[in-house]
There are 2 protein chains.
Amino acid sequence: MPTSKDPSFAAIIPEGDNRLRQVCTDCGFVAYENPKVVVGAVVTLGEKILLCRRAINPRKGFWTLPAGFMELHESAETGAAREALEEANAKIEIEALLAAYTIPRLSQVQLIYRARLIDPAISAGVESLEVGLFDYADIPWDELAFPSVNWALTQFASVRHLSVFPAFGNPPGETGDHHP
Amino acid sequence: MPTSKDPSFAAIIPEGDNRLRQVCTDCGFVAYENPKVVVGAVVTLGEKILLCRRAINPRKGFWTLPAGFMELHESAETGAAREALEEANAKIEIEALLAAYTIPRLSQVQLIYRARLIDPAISAGVESLEVGLFDYADIPWDELAFPSVNWALTQFASVRHLSVFPAFGNPPGETGDHHP
């Protein structure tokens, strides 16, 4: 965090804590490092599913769900809708939480919602090379950007015709890392 | 973040972004500020529910669910189990995601799981004054620490005898702030 004073940090276990943290030796400020939240959605128009081809790294050129880092002072649902607008100029309505994943290596929590496209007009935002509406059978499985995109699409398909379903977590044994 | 060099930050919109961020004018490092993740659980032993009376502020002396900030490189489920162990010396088994809440004012995402106590021996951890197992009718509703504790307990009660249920979000119109 930027401060007006030069911080002088050391690894210390704060009182009442049980882990080493970066603590300012001048003022006692503890610089906690926290997992980050990604919010996104499986967006449908009828039977078709919205995907975006990434214009940025990591995994530039690969297909993904509209998703990105949650901002301060927004709700997770609002953030998922914002990302769909930014990446695909897609206006969506959030329906339900599909899944809460964790990628421990990246210290990342992903909240993926099920949503409906409320206006069929979509186009690539600055972070997308192109966007498209895919039938499930036509999803480019070998060109998906991240394992969790595969999880979300697969899990979504298993409940897409149910109005009530439990939220998913990581598939058993999966950590979100690319398989070799 | 502590660095070996004194950072010199200014509020700048980074290339490809659309918001002001704190950017180091020396090296271009962007100090993104992110929402924080709280993980916790509604833990049951038969019909009884585990609550902890807070030994720390905010809301010292009030009752809460075992919950706390998710750490780096753990899964959300592991974090929820860790918090139950730390705050109530409670060994639990996570069953399902109960709810994903957002508190926009605090930029906080809360992932609350349904869980089962697998050993009836519980006791107060350092952040708890006392811990207890409550029948639903005996929950101290007027002494709950946070609105989201009330939400989780109420929503849990509505699905506790269902093995399959959709995850909840914030109750309609609720933001997680204390009502006047």
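Thresholds, definitions, all that
Residues numbered from 1 in each chain as written. Chains lettered and ligands numbered in written order. Predicted model: local features only at pLDDT ≥ 70, side-chain atom pairs only at ≥ 80, totals over all residues. Heavy atoms only, no water. UniProt positions renumbered as here; feature names shortened; annotations may be inferred. Helix = DSSP H or I, 4+ residues; strand = E, 2+ residues; numbered from the N terminus. Expected span 1.5 Å × (residues − 1). Buried < 20%, exposed > 50% of the residue type's maximum accessible area, 1.4 Å probe, protein only. Pairing = 2+ DSSP bridges. Core = buried A, V, L, I, M, F, W, Y, C linked by side-chain atoms within 4.5 Å. Contact = heavy atoms within 4.5 Å. Least-squares fit on C-alpha atoms with pLDDT ≥ 70 in both. Buried area = accessible area lost by both parts, 1.4 Å probe. Salt bridge = Lys/Arg side-chain N within 4 Å of Asp/Glu carboxyl O. Polar contact = N/O pair within 3.5 Å; in protein donor to acceptor, adjacent residues only side chain to side chain. Nonpolar A, V, L, I, M, F, W, Y, C, P; charged D, E, K, R; others polar. Domains from an automatic or database assignment.

- As named in an unreviewed UniProt entry, chain A is NUDIX hydrolase, taken from Dongia rigui.
- As stated in UniProt under Cofactor (unreviewed entry), the record for chain A gives "Mg(2+)".

### Considerations on helix 1 (residues 76-88) of chain A
Residues and elements named next belong to chain A.
Here comes step 1: For helix 1, with 13 residues, the first-to-last C-alpha span of 18 Å sits near the 18 Å given by 1.5 Å per residue.
Here comes step 2: Within helix 1 the residues assigned to the buried category are Ala 76, Gly 79, Ala 80, Arg 82, Glu 83, Ala 84, Glu 87 and Ala 88.
Here comes step 3: Asn 89 sits one or two positions beyond helix 1 and adopts a positive phi of about 45°.

### Section: unusual backbone geometry
Residues and elements named next belong to chain A.
Here comes step 1: Here the bond from Asn 57 into Pro 58 is cis, since omega is 0°, no more than 30 degrees from zero.
Here comes step 2: Here Pro 58 is to be found in the loop between strand 5 (48-54) and strand 6 (63-64).
Here comes step 3: Here Arg 59, not a glycine, exhibits a phi torsion of approximately 65°, which is positive.
Here comes step 4: In this fold, Arg 59 is placed in the loop between strand 5 and strand 6.
Here comes step 5: On the basis of relative accessible area, Arg 59 is assigned to the partly exposed category, the value being 26%.
Here comes step 6: Its identity as a non-glycine residue notwithstanding, His 73 has a phi of 60°, on the positive side.
Here comes step 7: Within the secondary structure layout, His 73 lies in the loop between strand 7 (67-69) and helix 1.

### Structural notes on the UniProt feature "domain: Nudix hydrolase" (unreviewed entry) in chain A
Here comes step 1: UniProt's feature table lists "domain: Nudix hydrolase" (unreviewed entry) at residues 34-157 of chain A, given in the numbering used throughout.
Here comes step 2: Annotation note: span residues 34-157 of chain A, helix share 19%, strand share 41%, distance between end C-alpha atoms 32 Å.

### Things to note about the sheet that holds strand 2 (residues 21-24) of chain B
All names here are of chain B.
Here comes step 1: Taken in spatial order, the three strands line up as 1-2-3 in an open sheet, and their pairing is antiparallel. Of all the strands in the sheet, just strand 1 (9-12) and strand 3 (30-31) have a single pairing partner and so form its edges.
Here comes step 2: The pairing of strand 2 with strand 3 spans two bridges and is antiparallel. Bridge pairing in strand 3 places Gln 22 opposite Ala 31.

### Side note on the nonpolar core
Here comes step 1: Residues Leu 97 and Leu 111 of chain A together with Leu 97 and Leu 111 of chain B are the most contacted members of the largest nonpolar core, which totals 22 residues.
Here comes step 2: Contributing elements (two or more residues each) for this core: strand 4 (36-45), helix 1, strand 8 (92-103) and strand 9 (108-117) of chain A together with strand 4 (36-45), helix 1 (76-88), strand 8 (92-103) and strand 9 (108-117) of chain B.
Here comes step 3: When residues no more than four places from it in sequence are discounted, the contact partners of Leu 111 of chain A are Val 37, Val 38, Val 39, Gly 40, Ala 76, Leu 97, Ala 99 and Ala 100 of chain A together with Val 109 and Leu 111 of chain B.

### Quick look at the relation of the copies chain B and chain A
Here comes step 1: Under the fitted operation, chain B is carried onto chain A by 0.0 Å of movement along the axis and a turn of 180°, and the coordinates agree to an RMSD of 0.0 Å. Here the symmetry operator amounts to a two-fold rotation axis. For chain B, the residue whose C-alpha comes nearest the rotation axis is Pro 166 of chain B, separated from it by 2.1 Å.
Here comes step 2: In this assembly the copies share their binding face: 100% of the residues contributing to the interface of chain B also contribute to that of chain A.

### Side note on the interface of chain B and chain A
Here comes step 1: Of the residues lining the interface, 37 residues belong to chain B; the matching set on chain A comes to 38 residues.
Here comes step 2: Between chain B and chain A lies a buried interface of about 3600 Å² when both sides are counted; carbon and sulfur atoms form 60% of it.
Here comes step 3: The interface formed by chain B and chain A contains four salt bridges.
Here comes step 4: Between the two partners, chain B and chain A, sit 11 residue pairs in polar contact (both at pLDDT 80 or more).
Here comes step 5: Counting residues per element, the side of chain B that touches chain A draws most heavily on helix 1 of chain B, at four residues.
Here comes step 6: Taken together, the residues of the side of chain B that touches chain A break down into 17 nonpolar, eight polar and 12 charged.

### Quick notes on the domain arrangement of chain A
Here comes step 1: When the domains of chain A are assigned, the result is domain 1 (1-33) and domain 2 (36-159).
Here comes step 2: Between the C-alpha centres of domain 1 of chain A and domain 2 of chain A the distance comes to 36 Å.

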